[in-house]
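# Working through the structure, step by step
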Amino acid sequence: MKITEENVVEQLLQKNEKALFYIVDQYGGIIKSIIRKYLGNLEIIQDECFDDVLLLIWNNINYYDKSKNSFKNWIAAITKHKSIDYQRQYNKFLLQQEVEDHMLIDFNHAETKMMETVFSSQTEQLLSSLKKEDQLLFVQHYCEQKSVEELAKAQGVQKSVLYNRLSRGRKKLRTIFKNN
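Values in this document were obtained by computation on a predicted structure and should not be read as measured data.

## A closer look at the overall build of the chain
Along its length, the chain carries seven helices and zero strands. Ordered by position from N to C terminus, the α and β elements of the chain give α-α-α-α-α-α-α. Expressed as a percentage of the 180 residues in the chain, the buried residues total 30%. Long-range contacts, defined here as pairs at least 24 residues apart, represent 53% of the contacts in the chain between residues at least 6 apart.

This is how it looks when you write it as structure tokens:
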């Protein structure tokens, strides 16, 4: 049987699949343009929404009332509402992703802070075996990453003096570290 504008609703009620092909041919452009209006350039979601609109038409054809609306307007209304549903779902998904990303960043930040605290206390314990001036030198050179030239200039001493103090300090720390 040939599907026409006059018998498409009747054929859908009888669950004739050819009626769906007729809808895609006749109303596919309208359906796609409405979906595109609400879903923009999200092509994967647009295709899924298009399929769901066809499924809604198929499953809910018995709710169509030609005295209230034309078939074209009924399809357009279904498409509009389904597109809005997809838009809400996508926005909810994006919000959820943003929250998860934020939680991951917070977790990583907390983990980093914890490691810094552990590292800091261990470093302090190791450096406590050095003289105060050597402790300061080690912190400035290795933690604050100041150059030996910069430190020598600030303290008014030769670079070789600071290199010797750093070398002796490292040797002392190695022995302490090996004994623990």
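So that's the structure; there's more coming.
## Points about a positive patch on the surface
Positive charge collects at one region of the surface, where Lys-131, Arg-168, Arg-170, Lys-171, Lys-172, Arg-174 and Lys-178 lie side by side. If you trace the backbone, Lys-131 turns up in the loop between helix H4 (71–127) and helix H5 (132–143).

## Quick notes on the side chain of Asn-16
Structurally, the position occupied by Asn-16 is in the loop between helix H1 (8–13) and helix H2 (17–39). Looking at Asn-16, its side chain comes within polar contact range of the main-chain nitrogen of Lys-18, at 3.0 Å. Residues within four places of Asn-16 in sequence aside, it is in contact with Ile-3, Gln-11 and Trp-58.

## Here we look at the environment of Glu-5
Tracing the backbone shows Glu-5 in the segment before H1. Judged by its relative accessible area of 37%, Glu-5 is partly exposed. With 14 residues separating them along the chain, Glu-5 and Ala-19 place their C-alpha atoms 9.8 Å apart. Beyond its immediate chain neighbours, meaning those up to four positions away, Glu-5 contacts Tyr-22 and Tyr-27. A polar contact is formed between the side chain of Glu-5 and the side chain of Tyr-27, at a distance of 2.4 Å.

## So, unusual backbone geometry
Positive phi, normally seen in glycine, also occurs at Lys-15, with a value near 60 degrees. Considering the arrangement of structural elements, one finds Lys-15 in the loop between H1 and H2.

Scoring rules and cut-offs
Residues numbered from 1 in each chain as written. Predicted model: local features only at pLDDT ≥ 70, side-chain atom pairs only at ≥ 80, totals over all residues. Heavy atoms only, no water. Helix = DSSP H or I, 4+ residues; strand = E, 2+ residues; numbered from the N terminus. Buried < 20%, exposed > 50% of the residue type's maximum accessible area, 1.4 Å probe, protein only. Contact = heavy atoms within 4.5 Å. Patch = residues over 30% accessible without salt bridge, like charges linked within 9 Å, V, L, I, M, F, W, Y side chains within 5 Å. Areas by Shrake-Rupley, 256 points an atom, 1.4 Å probe, with all protein chains shown as cover. Salt bridge = Lys/Arg side-chain N within 4 Å of Asp/Glu carboxyl O. Lys, Arg positive; Asp, Glu negative; His and termini not counted. Charge placed at Lys NZ, Arg CZ, Asp CG, Glu CD. Polar contact = N/O pair within 3.5 Å; in protein donor to acceptor, adjacent residues only side chain to side chain.

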